[in-house]
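Here is how the chains run, residue by residue.
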Amino acid sequence: MLLLTGLLALHLTHARPTCRLQGTPGLLQFSKDGDFVIGGIISIHNEINTVKHAFKNTPSPQKCKSLDLRELRFARAMIFAIEEINNSSEILPGVTLGYRIYDSCAAIPVALKAALDLMNGQEAVFSTNTSCTKPAFVPAIVAESGSTPTIAISRVVGPFSIPVVSYFATCACLSNKHDFPTFFRTIPSDYFQATALAQLVKHFGWTWIGAVRSDNDYGNFGMAAFLQAAQAEGICIEYSEAFYRTNPREKILKVVDVIKKSTAKVIVAFLATGDMLVLLQELSTQDIPALQWVGSETWLTDPEVLHYNLLSGSIGFGIPKSVIPGLKEFLVKISPAEIASSPLLTEFWESAFSCSFSANNTSSSKKVCTGSENLRELQNPYTDASQLRITYKVYKAVYAIAHSIHNQICKNSPSSLLQCEKNIKLEPWQVLQQLKTVNFTTKSGDRVYFDANGDPAATYELVNWQVNEEGKAQLLTVGHYDASAPEGQTFTMNDRTIIWAGGKSKVIPKSVCSESCAPGTRKAVQKGRPACCFDCVPCAEGEISNTTDSIDCFKCSPDFWPNSSRDQCVLKEIEFLSYEETLGISLTTISVFGACISAGVLAVFIYYRNTPIVRANNSELSFLLLLSLILCFLCSLLFIGQPLHLTCMLRHVVFGISFVLCISCILVKTIVVIMAFRATLPDNNVMKWFGAAQQRGTVFVFTVIQAMICIIWLSTASPVPFKNTQYQNSKIIFECYIGSITGFSCLLGYIGLLASVCFLLAFLARNLPDNFNEAKFITFSMLIFCAVWIAFIPAYVSSPGKYSDAVEIFAILASSFGLLLSIFAPKCYIILLHPEKNTKKALMSRADPK
């Protein structure tokens, strides 16, 4: 036993190590040798045959079913691009590109097996002297149609610096260079599509929508980006459902039930084509009203969905369509030899023409294939080259890799001839570095380059499914989106008429939770519901909203006030006592009338100045009193009209000085009456101490004191015009702000003091035994004066706006009329109507004692 063990160990020690490929190879569908081989992984089939393993035998190689003709076109377009490059003298001259194209069957395990094959090659056995490591078999890989398998492939090949260029993996997550350092793509990231879809939904006024997505990386990341963009646009999501085509039917029916019961009329679908077809199969059996579908590029531009009428009017973004010269001819030109050498093409041919190459075929429903059938007569996704969208992305991916290889191995020689070293050892990391800086223009004029995230410039077409006159669905371009355009110009629409859900062409479908709030109201969110569900609340007093669906109402500026609809600020009515209104006209008329009467009395007194009754009442003081009364009547005019800085200062100054002059004259007259009575007593010479000069001086001193009060008031806090917006919200009260309350109080208080002293003296002298005792009339006039101004204070304080000025004018006029009538009416009565009493004898006679 020990001998056998030793011999075995010796044998193992001296034997060369042998490296073997483990497991079965991937599903290689198309291959061709070349100086440099480009790998390809494409979901040519949609499903994989599932087999229950008994774990007794080695599992047989995996098989796929459900041939996807569109994906087959992608694979053939990759071959076409490589062949075109090989025949070109401008790129990689003298270098031949080969290809290895694998079928992933839309399954991650199969895609990973294909990725490992492309990394290691398909040599079953290889040996080295030291280890089993070897250079990568391909310098770059074109993959894949789905985001989830592409993520898996990129994670596997990324650590080996093998670049992956995708033509259809749109998940925004793949732009993360930390996680996917070797990933590039020729199709824009879903981040841009999600942003464009949100702007599209907002453009048509849809704020209440439903959302469905594939429960994979493509759907989840795409929908997350859309929801974020939709929230920024003020769009609310009634529901967001996720499913995968392999989910139990109960799960799919639950999604259908949610769609059926929802109130949203617009559905945004971030679905892979396979998932969309499963959902459509269930929806087509339900009685659901026409819904407006807004689709992502993956399913919206796939011809497979055209068979479902409920998608008529669908709108969304698609990759811009392009033209690849010569591709159509290449697709339909398949020789019998190619068919015989390719099981995949055999399967395609038999499916396309409903025939069989098998000689043992006994089925009466199928004829025998000859291989000479005409593909040009077929109308299917494989032969349809009228709207090349994703196919063109495959084409650009191949050219991006070819240009990167070209930039690495081709140099200009001294003779200016382009020379390429095809025997050079090309490492994947070198192609990776060149891809980062590749920049070229295709034959169609499209510029190809990658940004720092490995993404191309994001451009989309806004497409709309419409039914033509022949009853066939067709995809029409109705707008464009360019993420690189200046802000505000990224999204444009042309004049082409859009067909909406239900075949409507004029009325855009409506999908809102609550109707828009008209200007003059604001939105109040309903408790426990999304922000798009709201009540419309009228703006508060003093506030407006001038836009539809305003969130807040805002106050008007101080000089403005809302109109009756509360949707516009209008200039407030400016209120002041005007000469043009009835009240102003009436007060002006009364004021001028009072001044005219005073002037008339003055004229009478001047004319009859030599009569006893005028001379007995101190004609000089009477003249001065009448002049002051004229000023009192006229000063009220300063309170009428728009307040100005000058009128605000003059109105109270003129009023205060005029009334002090008036009361001073009356006070001196009262003193004269009392002293005149005292002078009639024996040995009393008091009148010599209070003659005409003293009387004038007294009036002057009293008036100067008031003038000093006014000067101090004006110099410290002068009255100014003031727009009062606080007293009444809807009006601006244009008034004079008195400046200093103390100054105004001193002015009124001084007048009140003089009037009180005058009233007391006159009251004491009222019963002096003169036949014509003026003290009685002065007492009555002062009584009226004091009563008017005592009543004025509360009335003035409580009067709003212009009525406060009217109250002050009324007080001025009432007190002036009281003084004029009380003092001068009896004298004018005697002078004009009873001149017989205007004699010295009548004035000197004593009144009869009572």
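Within an unreviewed UniProt entry, the label attached to the chain reads G-protein coupled receptors family 3 profile domain-containing protein, and the organism entered is Lepisosteus oculatus. If you open the UniProt record of the chain and go to Subcellular location (unreviewed entry), you find "Cell membrane". The record in UniProt for the chain states the following under Sequence similarities (unreviewed entry): "Belongs to the G-protein coupled receptor 3 family."

K.L.:
An account of the overall build of the chain is requested, with residue identities and associated values reported.
P.N.:
The number of helices and strands found in the chain is 23 helices and 33 strands. Compactness check: the chain gives a C-alpha radius of gyration of 53 Å against a globular reference of 29 Å for 850 residues, more than 25% above the reference. Evaluated residue by residue, the chain yields a buried proportion of 48% over its 850 residues. Long-range contacts, defined here as pairs at least 24 residues apart, represent 68% of the contacts in the chain between residues at least 6 apart. Accessible surface for the chain amounts to roughly 41,400 Å². Of this, 57% is attributable to carbon and sulfur atoms. The positive charge centre, built from 70 side chains, and the negative charge centre, built from 66, are 8 Å apart in the chain.

K.L.:
Got a sec to walk through the domain arrangement of the chain? Specific residues and values, please.
P.N.:
The extent of an interface is frequently quoted as the accessible surface area lost upon association of the parts. Parsing the chain into structural domains produces domain 1 (18-48 + 62-188 + 385-449), domain 2 (190-318 + 456-493), domain 3 (335-381), domain 4 (521-526 + 533-571) and domain 5 (582-837). Look at where the C-alpha atoms of domain 1 and domain 3 centre, and you get two points 29 Å apart. Remark: the boundary between domain 1 and domain 3 carries 1 salt bridge. Between E338 and R76 there is a salt bridge, with its nearest N and O atoms 3.9 Å apart. Put simply, domain 1 and domain 3 have 2 residue pairs in polar contact (both at pLDDT 80 or more) between them. Counting residues per element, the ones that place at least two in the side of domain 1 that touches domain 3 are β2 (28-32) and α2 (69-86). Broken down by element, the residue count for the side of domain 1 that touches domain 3 peaks at 5 residues, all from α2. Taken together, the residues of the side of domain 1 that touches domain 3 sort by class into 5 nonpolar, 2 polar and 3 charged.

K.L.:
Give a detailed account of the UniProt feature "transmembrane region" (unreviewed entry) in the chain, specifying residues and quantitative values.
P.N.:
Mapped onto the present numbering, the UniProt feature "transmembrane region" (unreviewed entry) falls on residues 583-608, 620-641, 653-677, 698-717, 737-765, 777-797 and 809-832. End C-alpha atoms of residues 620-641 are separated by 35 Å, and the span's content is 73% helix alongside 0% strand. Across residues 809-832, helical content stands at 100% and strand content at 0%; the span's end C-alpha atoms are separated by 31 Å.

K.L.:
Give me the packing of aromatic side chains: which residues, what numbers.
P.N.:
Inspection of the entire model under this criterion finds 31 aromatic pairs. Here the aromatic rings of F74 and Y167 are separated by 5.7 Å at their centres, their planes lie at 70°, and the arrangement is edge-to-face. Taken together, the positions of F74 in helix α2 and Y167 in the loop between β9 (164-166) and β10 (183-185) put the pair 93 residues apart, joining distant regions of the chain. Neither F74 nor Y167 differs from the other in exposure class; each is buried. Judged by centre distance (6.4 Å) and plane angle (85°), the rings of W293 and W299 are edge-to-face. With respect to burial, W293 and W299 carry one shared label: buried. Pairwise contacts between aromatic rings join F80, F330, Y392, Y395 and Y399 into one cluster. The ring of F824 has K827 sitting right over it, with the charged end atom 6.0 Å from the ring centre.

K.L.:
Could you give me a rundown of the packing of helix α3 (residues 108-120) against helix α4 (residues 147-157), with the residues and numbers involved?
P.N.:
Any two packed helices are characterised by how steeply their axes cross, that is the angle between the axes, and by the distance between the axes. At a minimum axis separation of 9 Å, α3 and α4 run at an interaxial angle of 35°. The handedness of the crossing between α3 and α4 is right-handed. Judged by residue contacts, I108, A111, L112, A115, L116 and M119 of α3 engage T148, P149, A152, I153, V156 and V157 from α4. Residue composition of the contact of α3 with α4, by class: 11 nonpolar, 1 polar and no charged.

K.L.:
Any details on empty space enclosed by the protein? Residues and values, ideally.
P.N.:
Under the counting rule described, the total for this entry stands at 1 cavity of 30 Å³ or more. Approximately 40 Å³ is the volume attributed to the largest cavity. Around the largest cavity, the lining residues are T24, P25, G26, L27, Q62, V110 and K113. Considered class by class, the residues forming the lining of the largest cavity number 3 nonpolar, 3 polar and 1 charged.

K.L.:
Give a detailed account of the pattern of salt bridges, specifying residues and quantitative values.
P.N.:
Opposite charge on two side chains permits them to pair, given that their charged atoms come into close proximity. Throughout the structure, instances matching the rule amount to 18 salt bridges. The partner of R245 in a salt bridge is D275, and the shortest N-O contact between them spans 3.4 Å. Placement of R245 in the loop between β12 (236-243) and α7 (249-261) and of D275 in helix α8 (residues 273-283) is noted, with a sequence separation of 30 residues between them. For R245, a relative accessible area of 27% gives the class partly exposed. Here the salt bridges share partners, and the residues they tie into one network are K321, R389 and E461.

K.L.:
Help me get a handle on the side chain of K731, residues and values and all.
P.N.:
With respect to the helices, strands and loops of the structure, K731 is situated in strand β33 (residues 731-737). One polar contact links K731 to E575, side chain to side chain, over a distance of 3.1 Å. In contact with K731, not counting residues within four places along its chain, are K572, E573, E575, N724 and T725.

Conventions and cut-offs
- Residues numbered from 1 in each chain as written.
- Predicted model: local features only at pLDDT ≥ 70, side-chain atom pairs only at ≥ 80, totals over all residues.
- Heavy atoms only, no water.
- UniProt positions renumbered as here; feature names shortened; annotations may be inferred.
- Helix = DSSP H or I, 4+ residues; strand = E, 2+ residues; numbered from the N terminus.
- Rg over C-alpha atoms; globule rule 2.2 N^0.38 Å.
- Buried < 20%, exposed > 50% of the residue type's maximum accessible area, 1.4 Å probe, protein only.
- Contact = heavy atoms within 4.5 Å.
- Areas by Shrake-Rupley, 256 points an atom, 1.4 Å probe, with all protein chains shown as cover.
- Lys, Arg positive; Asp, Glu negative; His and termini not counted.
- Charge placed at Lys NZ, Arg CZ, Asp CG, Glu CD.
- Domains from an automatic or database assignment.
- Salt bridge = Lys/Arg side-chain N within 4 Å of Asp/Glu carboxyl O.
- Polar contact = N/O pair within 3.5 Å; in protein donor to acceptor, adjacent residues only side chain to side chain.
- Nonpolar A, V, L, I, M, F, W, Y, C, P; charged D, E, K, R; others polar.
- Phe/Tyr/Trp six-rings, centres within 6.5 Å; stacked < 30°, edge-to-face > 60°.
- Lys NZ or Arg CZ within 6 Å of the ring centre and 35° of its normal.
- Axes fitted to C-alpha atoms, helices over the stretch in contact; angles between N-to-C directions.
- Left-handed = near helix turned anticlockwise from the far one by under 90°.
- 1 Å grid on protein atoms, 1.4 Å probe; cavity = no way out; pocket = protein on both sides within 12 Å on 5 of 7 lines; lining within 4 Å.
- Points joined across faces, edges and corners; volume = space filled by probe spheres on them.

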